[in-house]
Amino acid sequence: MNVLLFGATGNIGSAVAGELVARGHRVTAATRRGGGLDGVNLAVRRADAADPVQVAEAAAGQDAIVSAIGPQHGIDDDEKVLVGGAEGLIAGARRAGVKRLVVVGGGGSLLVASGQRLLDTPDFPPAWRPGALSQAAALDLYRAADDLDWTYISPPFLIEAGERSGHFRLGGDEVLYDAQGASRITYPDFAIALVDELDRGNAIRRRITLAY
Ligand SMILES: NC(=O)c1ccc[n+]([C@@H]2O[C@H](COP(=O)([O-])OP(=O)(O)OC[C@H]3O[C@@H](n4cnc5c(N)ncnc54)[C@H](OP(=O)(O)O)[C@@H]3O)[C@@H](O)[C@H]2O)c1
């Protein structure tokens, strides 16, 4: 597929870029700064996810848009990047006629056993709450975009550097915990799950999650 990737310079997006290229997809990275990714064979162009015109221009002729955008802590405004980004990506995809959108979202809107959102539970780190609320608002925007083939992938509580195992569980709207009570995944395993979803389309117009 021809894939337009937003966030390719980020922690998650760079793992996704590597996985896409390794599976033979032709990747164009769209970044605000126009910078490249060392050692990964992809095209780079400048585009801001929050600008529908720039998104549409970059998305012309692409088969899918993948987004792993996120705010820089302490620099960017969470809502501007996450909600503004979702609005720009949705409007830009429509304008370009690209239906498939696979988005890295937040885990705070996943549900715990009581039915509460993780972000509403007492132990949720207060510093993460504004970003988690913006991610939840972005999910609502995707859920309303029923003319697009979107998938929103929530990372588990913790996503970190580590091995590429290919072994993890997939879930829907509920947080997945392992036997030790941890909810975690590595960047490379997250990237496998995202590209699996892009390749297979098992979760069209749904939110999914994954964890060990
Ligand atoms: N447990 C969880 O819920 C959890 C955990 C970790 C991450 N996440 C979410 O996953 C996403 C990715 O996280 P990360 O750690 O990989 O982020 P990151 O390393 O901070 O990277 C963010 C990327 O977003 C790009 N970006 C930001 N605004 C943009 C815009 N308007 N247009 C185009 N590109 C834009 C940046 O590229 P340029 O600056 O080059 O443009 C950068 O490549 C974030 O939304 C984050 O909140 C969730």
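Refer to the structure presented above.
Please read all numbers here as calculations on a predicted model, not as lab measurements.

Once that is clear, we can look at the sheet that holds strand 4 (residues 64-67). A sheet is described by the order of its strands in space; here eight strands give the open sequence 3-2-1-4-5-6-10-8, paired in mixed fashion. Each edge of the open sheet is held by one strand with a lone partner, namely strand 3 (43-46) and strand 8 (169-171). Geometrically, the sheet is characterised by an average inter-axis angle of 25° between neighbouring strands, direction not taken into account. Pairing of strand 1 (residues 2-6) with strand 4 involves four bridges; the strand directions are parallel. Each residue of the ladder has a partner; that of Leu-4, found in strand 4, is Ile-65. Those strands touched by helix 2 (residues 52-59) are strand 1, strand 3 and strand 4, and its axis lies near 150° from that of strand 1. Sitting on the sheet, helix 4 (residues 129-144) is in contact with strand 5 (100-104), strand 6 (149-154) and strand 10 (206-211), with an inclination near 155° to strand 6.

Attention now goes to helix 1 (residues 11-22). Given 3.6 residues to a turn, an α-helix orients residues that are three or four positions apart in the same direction. An ideal rise of 1.5 Å per residue puts 16 Å on twelve residues; helix 1 measures up with 17 Å between its terminal C-alpha atoms. Residues of helix 1 that are buried include every one of Ile-12, Gly-13, Ala-15, Val-16, Ala-17, Glu-19 and Leu-20, and no others. Where the residues of helix 1 are buried, they touch strand 1, strand 2 (26-31), strand 4, strand 5, strand 7 (158-160) and helix 5 (187-200). Taken from the residues just after helix 1, Gly-24 is the one with a positive phi, measuring 90°.

Turning to the site of the ligand, a few remarks are in order. Close to the ligand lie 26 residues, the nearest being Thr-9, Ile-12, Ile-69, Gly-107 and Pro-156. Thr-9 places a polar side-chain atom, nitrogen or oxygen, 2.6 Å from an oxygen atom of the ligand. For the ligand, an oxygen atom lies 2.7 Å from a polar atom in the backbone of Ile-12. Listed by contribution, the elements that provide at least two residues to the shell around the ligand are helix 1 and helix 3 (78-96).

Right, let's talk about the pairing of strand 2 for a bit. Here strand 2 lies mainly inside the structure; five of its six residues are buried. Bridging between strand 1 and strand 2 involves five bridges; their strand directions are parallel. Directly across from Phe-6, in strand 2, lies its bridge partner Ala-30. Handedness of the crossover is the feature at issue here: the chain leaves strand 1, passes through helix 1, returns alongside strand 2, and the resulting connection is right-handed. As paired elements, strand 2 and strand 3 share four bridges and run parallel to each other. Note that in strand 3 the partner of Ala-30 across the bridge is Arg-45.

Next up on the list: the nonpolar core. One finds Leu-5, Val-16, Leu-20, Val-66, Phe-190 and Leu-194 to be the most contacted residues of the largest nonpolar core, which totals 29 residues. Those elements giving two or more residues to this core turn out to be strand 1, helix 1, strand 2, strand 4, strand 5, helix 5 and strand 10. A total of seven residues in this core trace back to one element, the largest contributor, which is helix 5. In contact with Phe-190, not counting residues within four places along its chain, are Ile-12, Val-104, Ile-153, Ser-154, Pro-155, Ile-159, Ile-185 and Leu-210. Residues Ile-65, Val-98, Ala-138 and Leu-148 belong to the second largest nonpolar core, which totals 25 residues.

What counts and what doesn't
Residues numbered from 1 in each chain as written. Predicted model: local features only at pLDDT ≥ 70, side-chain atom pairs only at ≥ 80, totals over all residues. Heavy atoms only, no water. Pairing = 2+ DSSP bridges. Helix = DSSP H or I, 4+ residues; strand = E, 2+ residues; numbered from the N terminus. Axes fitted to C-alpha atoms, helices over the stretch in contact; angles between N-to-C directions. Contact = heavy atoms within 4.5 Å. Expected span 1.5 Å × (residues − 1). Buried < 20%, exposed > 50% of the residue type's maximum accessible area, 1.4 Å probe, protein only. Near = heavy atom within 4 Å. Polar contact = N/O pair within 3.5 Å; in protein donor to acceptor, adjacent residues only side chain to side chain. Right-handed = clockwise from strand over helix to strand, strands pointing away. Core = buried A, V, L, I, M, F, W, Y, C linked by side-chain atoms within 4.5 Å.

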